[in-house]
Amino acid sequence: MVDVVLEKEMPGPTEDVGRPLIELRGITRRYGNGTTALAGVDLVIGPGERVAVVGRSGSGKSTLLNVLGLLDAPDEGEVLIDGHPVEAAQDRVRAEWRSSELGFVFQRSHLIPALSVRENVLLGLRYSNASLDHADQVVTDSLRAVGLEHKEQALARTLSGGEMQRVAIARTLARPARLWLADEPTGNLDSAQSLEIIEELKRRAAERGAALVVVTHEPDVAARLDRVVTLRDGLVVADSAHATTPAHGPDQDRGDLPTRDRRPRTRLTARLARTLRFVAQGITSNAGRTASGTLASAVAVALAVTALGLAQSASGQVTELFDAQRATQVTAALAADGTSDARWPVRVDTVAEFPGVTGVEHWRYRTGVPVANGALAALTVDLVEVDEAPGAITDTAVTWAPGDDRVLAEGEVLLGADLARRLGVAQLDVSPEITVQGAPLRVVGLVTASRSGTATGSAFVGPGATGDLAASLSSELFVETVPGAARNVADRLHDLADPFQTTRMTIHPVLEPNAFRGELQDSVSASLQVLAVVAALAGLVGVVFVNLLSVSSRTAELGVRRAFGARRGELVTLVVGECTALAVLGAVVGLAVGFVAIMVVTAAARWQPMFDERLLLVPLAGALVFGLLGGLPPAIAAGRIEPADAVRS
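Colleague: Tell me about the overall build of the protein, and please be specific about residues and values.
Modeller: Across its full length, the protein carries 18 helices and 20 strands. By residue count, 52% of the 649 residues in the protein fall in the buried class. Here the analysis covers contacts within the protein between residues at least 6 apart in sequence; of these, 78% occur between residues at least 24 apart. As displayed, the protein has an accessible area near 28500 Å², and 57% of this comes from carbon and sulfur atoms.

Next comes the structure, spelled out in structure tokens:
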């Protein structure tokens, strides 16, 4: 069998090799609920000793084991290893001692379910200061010792309870520790297996020159150890040795047990390397956790990318439509002082023939014109006289009577939809008639929408529909132009339409092709960018929630890592590393989904898709934000895990 040799300092010629391996002096441990688990315990364990700790439930056995294993810090008293006090208040110091000197078999196996048996055994070895040159052989030998070499590649979650406990024992056998601590290691094994495992622990401890402390309720197990320490109510009430002489391993025979004149240390590069290995292992081994973490990040990034991409596409499309509809229109209001002015001085033909003009509508207004629908209703309304039925130039929508030629001829009238309801005109297919200024006119259509806000409440007639109407003193001229010509038409419109200046003309502001483009585009973009930020924040909350759930479900695993020597900072780095890696995967997926969503939406809306290459920075930013910010709260929670509490969970 190939053993892993712990790199250690050899004692000098003047060093005392007979000093205790570990010593407890006046150890008191109280819990927050007022329970005193240990009350001034003194205990000395020498190199190579094999000790059973017995007592009733609640006597303090597990707490004593946690203090011996530096999983828990006492409230009073001190712990000495090789005669040197351990700075119990410094978690980093205790973690280094656990990494180099201690091995554990917990009451529960505390295997990582998603890892193979081999990787679970390697876990304890990787957190030690041992060389990994012969790690494969060490794992195989350790599993063979517990009869599970044939299960090396099986996932831990597929094992029975007894098999899990034997793997946990193999995990400790693989560590080059000087003090092995076992809390009810045979609780899940039958009698024959229990005695076999205890003998194997004794033999391996003897080979390594390691001390062995076993907490047990089984008299047969205690009888096979050299010394029995009995606890009652947190006190040592008996400490007896059997007649047999403790076995000494080869290390003791040579007198070369290591002594520590300074704290053991693990290099930063070594800690970082093993943490990165564990990050990769965690991502590849646990499909469910990887999928949930990736999905949370992917959803957030996809929504953000989609919103930002649509912001660009929509703003471009909206401004193009805006320019097409508004920057090609010129509207002018004309007013005459009295009937002595020219009755209709507006020269519509001259305006229509001007270069760049594509269409003209001239609406002449008369107010207070009586309109009646027989005996049903009689009103006074605004009457609009037009040369042709209003249409696209004024964005007017007309619902024509069935079979009508869509031309407003003499003797016909178009009613605004609101006015038609007031007059009780509902069915166009029966050719309804109304009277306007006493003249009967047939209703041939309903005006349902128009650029003019009053059109749906007015009536429209052609020239000469009623002969006795008073002259119109106000009118409105609507001109449609080609893009870019509206400004020039507006400048010349008064001279073109009213060369003799017989009316007052007010030209509405003309929107240039680029007028308000920036403002409109910024408004649309800002709205969708806010949506992107909201989506990102919602995604961040989801990532934090998923990661917190992941940490809470891994309390025992993280506690075991701490027991084998992981520092708080290593757990923080582990969790943040996993979160960042999953965020990167999610960002890549989210980018692809977001790009597809942009193409689908723009195709459905018949927009020109726009995708700024700078959007490629979104996944990178998302990975950093979701990895760091999303991983920090669960990482802090992981760093706060106390190993003693975790292994009891």
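So that's the structure; there's more coming.
Colleague: Break down the sheet that holds strand β7 (residues 179-183) for me, with residues and values.
Modeller: Reading across from one edge, β6-β7-β8-β3-β9-β10 is the order of the six strands in this open sheet, with mixed pairing throughout. Taken across any chain shown, the strands that pair with only one partner, and hence form the sheet edges, are β6 (102-105) and β10 (235-241). Looking at each pair of strands side by side, their axes are set apart by 15° on average, direction ignored. Contacts from helix α5 (residues 161-173) reach β6 and β7, with the element oriented near 175° to β6.

Colleague: A description of the packing of aromatic side chains should follow, citing residues and the corresponding values.
Modeller: Applying the stated criterion across every chain, the model contains four aromatic pairs. Aromatic pair F104 and F564: ring centres 6.4 Å apart, planes at 55°, arrangement tilted. Of this pair, F104 sits in strand β6 while F564 is found in the loop between α15 (555-563) and α16 (568-605), placing the two residues 460 residues apart along the sequence. Residue class for F104 comes out buried when judged on its relative accessible area of 3%. By the ring-pair criterion, three or more aromatic residues cluster together here, those being W363, F460 and F478.

Colleague: Give a detailed account of the confidence of the model for the protein, specifying residues and quantitative values.
Modeller: Per-residue pLDDT for the protein has a mean of 79; in total, 83% of the residues score no lower than 70. Element-level mean pLDDT values for the protein span from 40 in helix α8 (residues 250-253) up to 94 in strand β18 (residues 459-461). Counted against residues more than four places away or in other chains, residues 1-17, with its pLDDT under 50, gives 41 contacts.

Colleague: Describe the packing of α5 against helix α6 (residues 191-208), with residues and values.
Modeller: Across the interface, α5 lies against α6 with an axial gap of 11 Å and an inter-helix angle of 5°. As judged from the angle between their axes, α5 and α6 are roughly parallel. Note on element contacts: α6 touches α5 through Q193, I197, E200, L201, R204 and R208, opposite R166, I169 and L173. Residues that form the contact of α5 with α6 fall into these classes: four nonpolar, one polar and four charged.

Colleague: Please give an account of a nonpolar patch on the surface that cites residues and values.
Modeller: Together, L617, L620, L624, V625, L628 and L629 make up a nonpolar patch on the protein surface, roughly 560 Å² of accessible area in all. Among the secondary structure elements, L628 is positioned in helix α17 (residues 617-639).

Colleague: Just give me the short version of the nonpolar core, but keep the residues and values in it.
Modeller: Formed by 54 residues in total, the largest nonpolar core has its most connected members in L24, L43, L64, L68, F104, L179 and V213. By residue number, the principal contributor to this core is α16, which donates six residues. Here L64 is in contact with L24, L38, V41, L43, V53 and L231, once residues within four sequence places are set aside.

Colleague: If you had to explain the pairing of β7 to someone new, which residues and values would you point to?
Modeller: The side chains of a regular strand alternate between the sheet's two faces. Buried residues dominate β7, accounting for five of its five residues. The two faces of β7 match: L179, L181 and D183 on one face and W180 and A182 on the other face are all buried. For β6 and β7, the ladder comprises four bridges, and the chain directions are parallel. Across the sheet, the residue bridging to V105 is A182, located in β7. Of the strand pairs in this sheet, β7 and strand β8 (residues 211-215) are connected by five bridges, and their pairing is parallel. When the bridges of β8 are listed, L179 appears paired with A211.

Colleague: So, the sheet that holds strand β4 (residues 76-81): which residues are in play, and what are the values?
Modeller: Spatial strand order, β2-β1-β4-β5: four strands in an open sheet with antiparallel pairing. At either margin of the open sheet sits one strand with a lone partner, and together these are β2 (36-45) and β5 (84-85). Bridge count for strand β1 (residues 22-30) against β2 is seven bridges, and the pairing is antiparallel. For I27, the partnering residue across the bridge sits in β2 and is V41. Lying on the sheet, helix α1 (residues 61-68) is in contact with β1, β2 and β4; it crosses β2 at an angle near 55°.

Colleague: If you had to explain the environment of A210 to someone new, which residues and values would you point to?
Modeller: In this structure, A210 sits in the loop between α6 and β8. Relative accessible area serves as the criterion here: at 2%, A210 is assigned to the buried category. Measuring from C-alpha to C-alpha, the distance between A210 and L102 comes to 9.4 Å, with 108 residues separating the pair along the chain.

Colleague: Got a sec to walk through the side chain of R227? Specific residues and values, please.
Modeller: Following the sequence through the fold, R227 ends up in strand β9 (residues 227-232). Here E49 takes part through its side chain, which lies 3.1 Å from a polar atom of the side chain of R227.

Colleague: Can you tell me about the environment of D42, naming the residues and giving the values?
Modeller: Inspection of the secondary structure assignment puts D42 in strand β2. Along the sequence, D42 and V236 sit 194 residues apart, while their C-alpha atoms lie 7.8 Å from each other. Apart from the residues within four sequence positions on either side, D42 is in contact with L24, R25, G26 and V236. Within polar-contact distance, the side chain of D42 engages the backbone nitrogen of G26 at 2.5 Å.

Colleague: Let's hear about the pattern of salt bridges: which residues, and what values?
Modeller: Inspection of the entire model under this criterion finds 29 salt bridges. Across the pair E49 and R227 runs a salt bridge whose closest N-O atoms are separated by 3.1 Å. Here the residue E49 occupies a position in the loop between β2 and β3 (50-54), and R227 occupies one in strand β9, the gap between them amounting to 178 residues. With its nearest N and O atoms 3.2 Å apart, the salt bridge here joins R487 to D491. Here D491 and R487 lie together in helix α13 (residues 486-497), a separation of four residues that amounts to about one turn. The class of R487 is partly exposed, set by a relative accessible area of 34%. Judged by its relative accessible area of 52%, D491 is exposed.

Colleague: Which residues make up α1, and what values do they have?
Modeller: Since the α-helix turns once every 3.6 residues, residues separated by three or four places project in the same direction. Among the eight residues in α1, seven count as buried, and that is most of the element. Restricting attention to buried positions, one finds in α1 the residues K61, T63, L64, L65, N66, V67 and L68. One or two positions beyond α1, positive phi appears at L70, with a value near 60°.

Colleague: Describe unusual backbone geometry, and please don't skip the residues or the numbers.
Modeller: Positioned with a positive phi, R406 is a non-glycine residue whose angle comes to about 60°. Mapped onto the elements of the fold, R406 is located in the loop between β14 (397-400) and β15 (412-416). The exposure class of R406 is exposed, given its relative accessible area of 58%. A positive phi angle, near 55°, is found at Q437, a position not held by glycine. Considering the arrangement of structural elements, one finds Q437 in the loop between β16 (433-436) and β17 (439-449). The exposure class assigned to Q437 is partly exposed, which follows from its relative accessible area of 29%.

Conventions we followed
- Residue numbering note: each chain is counted from 1, following its sequence as written.
- This being a predicted model, a pLDDT of at least 70 is required before a residue's local features are given, and a value of 80 or more before pairs of side-chain atoms are given or counted; all residues contribute to the totals for chains, interfaces and linings.
- For the side-chain quantities, the full set of heavy atoms in the structure was used; hydrogens and water were omitted.
- Secondary structure elements are defined from DSSP: runs of H or I of at least 4 residues count as helices, runs of E of at least 2 residues count as strands, and each element is numbered from the N terminus.
- Residue exposure (1.4 Å probe, protein chains only): buried if accessible area is under 20% of the type maximum, exposed if over 50%, otherwise partly exposed.
- The contact rule is simple, with two residues in contact once any of their heavy atoms fall within 4.5 Å.
- Surface exposure here means Shrake-Rupley accessible area, sampled with a 1.4 Å probe, where a residue is shielded only by the protein chains that are shown.
- Two strands are said to pair when DSSP picks up at least two bridges between them.
- Fitted lines through C-alpha atoms give the axes, limited to the stretch in contact for helices. The angle between two N-to-C directions lies from 0 to 180 degrees.
- Any Phe, Tyr or Trp ring, taking Trp's six-membered ring, that has another such ring centre within 6.5 Å forms a pair; planes under 30 degrees apart are called stacked, those over 60 apart edge-to-face, and the others tilted.
- Values of pLDDT, the confidence the predictor places in each residue, fall between 0 and 100.
- Angle categories are assigned with fixed cut-offs, so that under 35 degrees is roughly parallel, over 145 is roughly antiparallel, 65 to 115 is roughly perpendicular, and the rest are oblique.
- Under the scheme applied, nonpolar residues are Ala, Val, Leu, Ile, Met, Phe, Trp, Tyr, Cys and Pro; charged residues are Asp, Glu, Lys and Arg; polar residues are all the others, including Gly.
- Patch definition: residues with relative accessible area over 30% and no salt bridge; like charges joined within 9 Å; nonpolar side chains (Val, Leu, Ile, Met, Phe, Trp, Tyr) joined within 5 Å.
- Any Lys or Arg side-chain nitrogen found within 4 Å of a carboxyl oxygen on Asp or Glu counts as a salt bridge.
- We call a set of buried Ala, Val, Leu, Ile, Met, Phe, Trp, Tyr and Cys residues a nonpolar core when their side-chain atoms join them within 4.5 Å.
- N or O atoms within 3.5 Å of each other form a polar contact, as long as, within protein, one can give a hydrogen and the other can take it, and as long as residues adjacent in sequence are counted only when both atoms are side-chain atoms.

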